[in-house]
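So you can see what is in the structure, the chains are spelled out below.
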Amino acid sequence: MLGILNSIQGLVNLLFFVAIVGTLVVSWLYASRLKKQYNANFPWGKTASIVGIEVLLWIGFNFFWEIFEAFWLPITVVAIVAIVIISSRNKRKYI
């Protein structure tokens, strides 16, 4: 089971890396186009904020994933019970 969880963590880490590098590449391309066509400056502070948020989300994911790996069975049972309870509630019928 830990092998499956580790492979999932590796894939999600790869996705975070691709998202961060993609943000930087697209920002660089857009900045060069802005400079070339309109002689305007690109707001690099906003890009840095977005990349910072992505990095913090990446760190948070890895932190909570380690907790999930340690207690995967009770977390899975609680999640399944919560999904069953939420999906079995009576739906309001709107006319």
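Structure: see above.
These remarks concern the structure in this document. (Residues numbered from 1 in each chain as written. Predicted model: local features only at pLDDT ≥ 70, side-chain atom pairs only at ≥ 80, totals over all residues. Heavy atoms only, no water.)

### Topic: the overall build of the protein chain
- Counting its secondary structure elements, the protein chain contains 3 helices and 0 strands.
- In sequence order, the protein chain lays out its α and β elements as α-α-α.
- Considering only C-alpha atoms, the protein chain reaches an extent of 60 × 50 × 20 Å along its principal axes.
- The buried share of the protein chain, reckoned over its 95 residues, is 17%.
- Within the protein chain, counting contacts between residues at least 6 apart in sequence, those at least 24 apart form 69% of the total.
- When the accessible surface of the protein chain is totalled, it reaches about 7,900 Å², and 74% of it is carbon and sulfur. (Helix = DSSP H or I, 4+ residues; strand = E, 2+ residues; numbered from the N terminus. Buried < 20%, exposed > 50% of the residue type's maximum accessible area, 1.4 Å probe, protein only. Contact = heavy atoms within 4.5 Å. Areas by Shrake-Rupley, 256 points an atom, 1.4 Å probe, with all protein chains shown as cover.)

### Focus on the side chain of N13
- When you line up the elements, N13 lands in helix α1 (residues 2-38).
- Beyond its immediate stretch of four places on either side in the chain, N13 contacts W58, F61 and N62.

### Description of the packing of α1 against helix α2 (residues 44-70)
- Closest axis-to-axis distance for the α1/α2 pair is 11 Å, and the angle between their directions is 180°. The angle between the axes of α1 and α2 places the two elements in the roughly antiparallel class. (Axes fitted to C-alpha atoms, helices over the stretch in contact; angles between N-to-C directions. Parallel < 35°, antiparallel > 145°, perpendicular 65-115°, else oblique.)

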